[in-house]
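Residue-level structural notes
Each chain is listed here by its residues.
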Amino acid sequence: MAYFLFRFPLFGKGTCAWLLAALSLACTATTVHADPATHGSSQDPSSYANVDQFQPSHFSLDFAVNFADSTTSGTITHTLTVLEPGAGILTVYFDVWDAVEVSMAEFAAPNATTELDYAPVEYAITTPNPNIGNALAVTLPVALDPGAEFFVRFTYKSLPETTALDWLSPEQTAGKALPFVYSLCQMNFCRDWAPMMDTPSQKITFDATVVAPKEVTVIMSGTETSKADYNDTHSVTTYEANLKIPSYQLSLAVGGLERVALSDRLFVVAEPPYLEAAAREFEDLPAALDFSEDYLTPYIWGAYSIIVMPPSFPWGGMEHVNANQVSHTLVAGDKSMLKIAIHEITHSWFGNDVGCKSWNHFWINEGLNVFMERKVLEFFYSKDYAAIDYFTGNTSMVEQMDSWYGLDDPYSSLFPDIGDDDPENSFSDVPYEKGSQFLYYIESLIGMDAMQRMLQDYILTFTQQAIDATEFKSFYESWVMDTFPDNAT
């Protein structure tokens, strides 16, 4: 029924040319080989973080939400490990953008246990490439041996013009009574909230301590661990994430929010005017989560919350771990927009668990996810429904490629070379639709049962990791050779 997937000469060189190119996954993107004395890494051209030398493993956020002036202020402490000999490497690079003010950087040596262990260190902010923000360079006071763990803490403030946080007046909310603030950091915007090693190549754990007015609810990625009075007017809420996420997954939603359970692990969160209707609209999501888990691997994230955002939220959805954000327009009254909510659920495996190493490989997040999303749509509705979704998605993609970039432009390919450009400029339907069609094509070669086993093994092999196209290709070829030794080519 799905012959239409391959009708369009998407590269302008024949009906299936793009599939052959995708299957070979010829890696045409530029590889960055970082000098130890400079910013950047071999893993992600859109970040200044020198993660080839210093690997982040955890950060601790301690900040206040200030509705009066639309700012957040506090500290962020990064836990880092030395990967390369440190004799000539005394500079650690982080990412920031213009709406982050840094007032202090501090260093603590391995085994630091108290505030007295932290000492101020020199830092500098430069702008080598304005397309990706600013490089924040911290000078270490001593050289450290490979394997040594140390800490860098910044005192910072995010300004009202930040691109990572949207501040809403009460009039912009559904309840009209309380202000609201939320984050949306994909692709490179977390660096406009706080100093970060802001790259999808690094998956890390975090904890957070958030001070906010008592009348609002604070929701973040991860698990809420406590809430208590801070003073007469404010409360303090703590969160922790013991499973690793990339920085763009850091999520914050603060406002007049309430929660209702749809199952023992799936919850709807919304402002009171939306809550009852949203619970009815999304009552089938527990079944979608169960099906995805049965088809793939166990769901690892604990609770799943879907947050119906205020009416001024401009996006369809964002797959934050434990704090998925969706537009209020999904609450249509007839479940016709359930598709978008399903898309965010299946990101629990593709993107959130196994994700892309850089935005050159965004299809590893979105292409695999759309393929799985359509498996769920087939389960809920029919094969014809999923086939129509492939067709309409393909049509939209071809129109975008033609009008936005041109059919032969690198951004029309499955694996673009973003280079020094702002990765936002590469965002389109291409990684979603070409990626999902690539997976559909693989399924046509190996069969549906084998495809399911391959995806299960893929997740188990790369769980909690970020990978690139070369690693995907290597895994797929090895898997096929092991599974079909008699007829693999």
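Note: the structure precedes this text.
Residues numbered from 1 in each chain as written. Predicted model: local features only at pLDDT ≥ 70, side-chain atom pairs only at ≥ 80, totals over all residues. Heavy atoms only, no water.

**Overview of the packing of helix α5 (residues 363-380) against helix α7 (residues 430-446)**
In the contact formed by α5 and α7, the axes pass within 7 Å of each other and the chain directions differ by 65°. As for how α5 packs across α7, the hand of that crossing is right-handed. From α5, Trp-363, Glu-366, Gly-367, Leu-368, Val-370, Phe-371, Arg-374 and Lys-375 reach across to α7, where they touch Pro-431, Tyr-432, Glu-433, Gly-435, Ser-436, Phe-438, Leu-439, Tyr-440 and Glu-443. Of the residues in the contact of α5 with α7, the class split is 9 nonpolar, 3 polar and 5 charged. (Axes fitted to C-alpha atoms, helices over the stretch in contact; angles between N-to-C directions. Helix = DSSP H or I, 4+ residues; strand = E, 2+ residues; numbered from the N terminus. Left-handed = near helix turned anticlockwise from the far one by under 90°. Contact = heavy atoms within 4.5 Å. Nonpolar A, V, L, I, M, F, W, Y, C, P; charged D, E, K, R; others polar.)

**Some thoughts on the environment of Pro-410**
Within the secondary structure, Pro-410 sits in the loop between α6 (383-405) and α7. Along the backbone, Pro-410 and Phe-380 are 30 residues apart, and their C-alpha atoms lie at a distance of 36 Å.

**A closer look at the sheet that holds strand β20 (residues 324-326)**
Taken in spatial order, the 5 strands of this open sheet run β16-β17-β18-β20-β19, and their pairing is mixed. Edge positions in the sheet fall to β16 (258-261) and β19 (317-318), since each has one partner strand and no second. In this structure, β16 lies alongside strand β17 (residues 266-270), joined through 4 bridges in antiparallel fashion. What sits directly across from Ala-261, in β17, is Phe-267. Along the sheet, helix α2 (residues 272-281) contacts β16, β17 and β18 (304-308); its crossing angle with β17, the most-contacted strand, is approximately 145°. (Pairing = 2+ DSSP bridges.)

**Re the side chain of Lys-375**
In this fold, Lys-375 is placed in helix α5. Lys-375 sits in the buried class, given a relative accessible area of 9%. Each residue touching Lys-375, except ones within four places of it in the same chain, is listed here: Phe-291, Tyr-295, Glu-443 and Met-448. (Buried < 20%, exposed > 50% of the residue type's maximum accessible area, 1.4 Å probe, protein only.)

**Quick notes on the layout of surface pockets**
Looking at the largest pocket, its volume works out to about 840 Å³. As for the largest pocket, its lining consists of 37 residues, and the residues nearest its centre are Gly-316, Gly-317, Glu-344, Phe-427 and Tyr-432. The dominant element in the lining of the largest pocket, judged by the number of residues it contributes, is α6, at 6 residues. Considered class by class, the residues forming the lining of the largest pocket number 14 nonpolar, 12 polar and 11 charged. (1 Å grid on protein atoms, 1.4 Å probe; cavity = no way out; pocket = protein on both sides within 12 Å on 5 of 7 lines; lining within 4 Å. Points joined across faces, edges and corners; volume = space filled by probe spheres on them.)

**Details of the pattern of salt bridges**
Within this structure, the stated rule accounts for 15 salt bridges. Across the pair Arg-374 and Asp-389 runs a salt bridge whose closest N-O atoms are separated by 2.8 Å. One end of the pair, Arg-374, is in helix α5; the other, Asp-389, is in helix α6, with 15 residues separating them in the sequence. When the shortest N-O distance is used, the salt bridge between Arg-374 and Glu-433 registers 3.1 Å. Taken together, the residues Arg-374 in helix α5 and Glu-433 in helix α7 connect sequence positions 59 residues apart. With respect to class, Arg-374 is no different from Glu-433; both count as buried. Salt bridges sharing common partners tie together Lys-339, Glu-373, Arg-374, Asp-389 and Glu-433. (Salt bridge = Lys/Arg side-chain N within 4 Å of Asp/Glu carboxyl O.)

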